[in-house]
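# A structural walkthrough
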Amino acid sequence: MTTIEFHPARPVATRLRMTARGRRLLAALVAIPLAAALGAGVLSGGAALASRADGSPAGTFETVTVLAGESLWTIAEQVAPSADPRDVVDEIVRLNALDGATVWAGQRIAVPALAAG
């Protein structure tokens, strides 16, 4: 009786070959969600970019211009001398959607209307 020996072929490394049609399909699969997101952003008008969840109603703040050498602390002391400056600074930061407490000369910022009086 004869035996047949099986020798497995060495593993063949295959490369992914993309046809022109496959590349177009892949590009479309990536571009469609991006276009949809861009379209939604354009249609919404970017309204969410300039708002915070707990925004203030119109007329509850006044606008002041920062002078050279002023900080939010000094502005808070000027607009609300009887209030705790920390609370007023927090309110100014929230009203203006600031990332920190740094302001520069010439910048126009909103201050609470009750404090500005």
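Scroll up a little and you will see the structure.
The sections below set out a description of the structure shown in this document. Here the structure is a predicted model, which is why all the values come from computation and not from measurement. Residue positions are given per chain, counted from 1 along the sequence in the order it is written. Local features in a predicted model are, by the rule used here, given only for residues with pLDDT of at least 70; side-chain atom pairs are given and counted only at 80 or more, and totals for whole chains, interfaces and linings are based on all residues. The side-chain quantities take in all heavy atoms of the structure and omit both hydrogens and water.

## Overview of unusual backbone geometry
The condition that has to hold: Secondary structure follows DSSP: runs of H or I at least 4 residues long count as helices, runs of E at least 2 residues long count as strands, and numbering of each begins at the N terminus. Accessibility here uses a 1.4 Å probe with only protein chains present; expressed as a share of the type maximum, an area under 20% marks a residue as buried, one over 50% as exposed, and anything in between as partly exposed.
Positive phi values are uncommon outside glycine, yet Ala 97 reaches one of about 55 degrees. For Ala 97, the position within the fold is in the loop between α3 (85-96) and β2 (108-112). Here Ala 97 falls in the partly exposed class, since its relative accessible area comes to 35%.

## Looking at α3
The condition that has to hold: Take the number of residues in a helix, subtract one, and multiply by 1.5 Å to get its expected span. The reported arc concerns the directions from the helix axis to the C-beta atoms and nothing else. Here, residues are in contact when the closest pair of their heavy atoms is within 4.5 Å.
For α3, with 12 residues, the first-to-last C-alpha span of 16 Å sits near the 16 Å given by 1.5 Å per residue. For α3, the full list of buried residues reads Pro 85, Val 88, Val 89, Ile 92, Val 93 and Leu 95. The arc that holds the buried residues of α3, viewed along the axis, is 165 degrees, so those residues lie on one side. Of the exposed residues in α3, the ones pointing more than 90 degrees away from its buried face are Arg 86, Asp 87 and Asp 90. Packing partners of the buried residues in α3 comprise β1 (61-65), α2 (72-79) and β2. Ala 97 sits one or two positions beyond α3 and adopts a positive phi of about 55 degrees.

## Thoughts on the side chain of Gln 107
Relative to the assigned elements, Gln 107 resides in the loop between α3 and β2. Overall, Gln 107 belongs to the buried group, its relative accessible area being 11%. When sequence neighbours within four positions are dropped, the list of residues in contact with Gln 107 reads Val 64, Thr 65, Val 66, Leu 98 and Thr 102.

## Let's talk about the packing of α2 against α3
Pairs of packed helices are described in terms of their axes, by the angle between the two and the distance that separates them. Our working definition: With axes taken as lines fitted to C-alpha atoms, and helix axes fitted only over the stretch in contact, angles between N-to-C directions fall between 0 and 180 degrees. If an angle is under 35 degrees, it is roughly parallel; if it is over 145, roughly antiparallel; if it lies from 65 to 115, roughly perpendicular; otherwise it is oblique.
Relative orientation of the contacting elements α2 and α3 amounts to 110 degrees, with a least axis distance of 9 Å. Between α2 and α3, the interaxial angle falls into the category roughly perpendicular. Contact with α2, carried on its side by Leu 72, Trp 73, Ile 75, Ala 76, Glu 77 and Val 79, involves Pro 85, Arg 86, Val 88, Val 89, Ile 92 and Val 93 of α3 and no other residues of that element.

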